[in-house]
Amino acid sequence: MLSNVRILLVEDDRRVAGAVATALRRRGHEVLAAGTAAEARAAPDVDLVLLDLGLPDDDGLNVCREFRRRGSVPIIAVTARSEERDRVAGLRTGADDYLVKPFGIAELTARIDAVMRRVVRSPRHRGPLALGRIAIDPDARRVTVDEQEVNLTRKEFDLLASLAGRGGGVVSKEELGIEVWHTSWLGDAHTIEVHIASLRTKLGDRSLVRTVHGVGYRLQVEEPAGG
Ligand code: CA
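Residues numbered from 1 in each chain as written. Predicted model: local features only at pLDDT ≥ 70, side-chain atom pairs only at ≥ 80, totals over all residues. Heavy atoms only, no water.

Colleague: With reference to specific residues and values, describe the sheet that holds strand 10 (residues 171–172).
Modeller: Overall, antiparallel pairing links the three strands, which are arranged 10-12-11 in an open sheet. The outermost strands of the open sheet, each flanked by one partner alone, are strand 10 and strand 11 (209–212). Sitting on the sheet, helix 6 (residues 154–164) touches strand 10, strand 11 and strand 12 (216–219), and the angle it makes with strand 12 is about 75 degrees. (Pairing = 2+ DSSP bridges. Helix = DSSP H or I, 4+ residues; strand = E, 2+ residues; numbered from the N terminus. Contact = heavy atoms within 4.5 Å. Axes fitted to C-alpha atoms, helices over the stretch in contact; angles between N-to-C directions.)

Okay, structure coming up:
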């Protein structure tokens, strides 16, 4: 288990914030607490943000978007509403993961560990990859399609890199869950589908990421005509 992660806990419910902060500190993490969107925006740099989407002064999704624009700090979105569209909106806005209230501390720390493990591991020093119309530079986390830069969220990039790592081969949803989210919690395949859908939209050509029904996905790697 990781410890000593500096966490910004954005939560307006004092009871929840107190319980979560105590549990995280007991596990050796440093916790900075913010009760409003304004306080979250003014907070110093941290290793990870735990962000309640239901804040009194602004929509947490706006805060999520701003953090994402500012940099690559991992964000775990927290929502009291279990509605699908909130989860989807959170992930689209650039959150790395989400939790639905009420959640247990074991679940929370598992998510934190999974998100932080990935950060600790990167960067992978691998050269740029060119696959047909797509070029990927893993160090710069830069993607181009037909030499036009495409701005991807962290998860979208990781998904694409994972598919690209297999050339044009099929990658199962289970493998993507492990490679991209570093956890098998994604028995919830819908999360992958949401990210694949937004990745396709951003790449500008839906046929670049092919669905292999009942299995997973693969990249469309064009073969030069006539070899
Ligand atoms: Ca709240």
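Colleague: Go over the coordination of the calcium ion, please, and point to the residues and values.
Modeller: Donor atoms from the polypeptide that coordinate the calcium ion comprise Asp12 (OD), Asp52 (OD) and Gly54 (O), at 2.2 to 2.3 Å from the metal. Coordination of the calcium ion draws on donor residues from a single chain, spaced D-x39-D-x1-G in sequence. Note that Asp12 is positioned in the loop between strand 1 (6–10) and helix 1 (14–26) and Asp52 in strand 3 (residues 48–52), a separation of 40 residues in sequence. (Donors = N, O, S within 2.8 Å, 3.2 Å for Na, K, Ca; no water.)

Colleague: Give a description of the nonpolar core that names residues and reports values.
Modeller: Formed by 25 residues in total, the largest nonpolar core has its most connected members in Ile134, Val143, Leu160 and Leu203. Residue assignment for this core shows that the elements contributing at least two residues are strand 7 (134–137), strand 8 (142–145), helix 6, helix 7 (173–181), helix 8 (189–203) and strand 12. Ranked by residues supplied to this core, first place goes to helix 6 with six residues. If we skip the residues at most four places from it in the chain, Val143 touches Ile134, Ala135, Ile136, Gln148, Glu149, Val150, Leu152, Phe157, Leu160 and Leu203. In terms of nonpolar packing, the next biggest core, distinct from the first, is built from 22 residues, Ala34, Val46, Leu51 and Phe67 among them. (Core = buried A, V, L, I, M, F, W, Y, C linked by side-chain atoms within 4.5 Å. Buried < 20%, exposed > 50% of the residue type's maximum accessible area, 1.4 Å probe, protein only.)

Colleague: Which residues make up the side chain of Asp158, and what are the values?
Modeller: Following the sequence through the fold, Asp158 ends up in helix 6. A polar atom in the side chain of Asp158 sits 2.8 Å from the side chain of Arg141. (Polar contact = N/O pair within 3.5 Å; in protein donor to acceptor, adjacent residues only side chain to side chain.)

Colleague: Tell me what's going on with the environment of Ala189, and back it up with residues and numbers.
Modeller: You can see Ala189 is positioned in helix 8. Classification of Ala189 as partly exposed rests on a relative accessible area of 22%. As for Ala189 and Lys173, which are separated by 16 residues in sequence, their C-alpha atoms are 7.0 Å apart.

Colleague: I'd like a rundown of the pattern of salt bridges, residues and numbers included.
Modeller: For the structure on display, the rule yields 15 salt bridges. Among the ionic pairs, Arg41 bridges to Glu66, the shortest N-O distance being 2.5 Å. One end of the pair, Arg41, is in helix 2 (residues 37–42); the other, Glu66, is in helix 3 (residues 60–70), with 25 residues separating them in the sequence. Under the relative-accessibility criterion, Glu66 is labelled partly exposed at 25%. Across the pair Arg141 and Asp158 runs a salt bridge, and its minimum N-O distance is 2.8 Å. Residue Arg141 is located in the loop between strand 7 and strand 8, and its partner Asp158 is located in helix 6; the two are separated by 17 residues in the primary sequence. Taken together, the salt bridges that share partners define one network made up of Glu11, Asp52 and Lys101. (Salt bridge = Lys/Arg side-chain N within 4 Å of Asp/Glu carboxyl O.)

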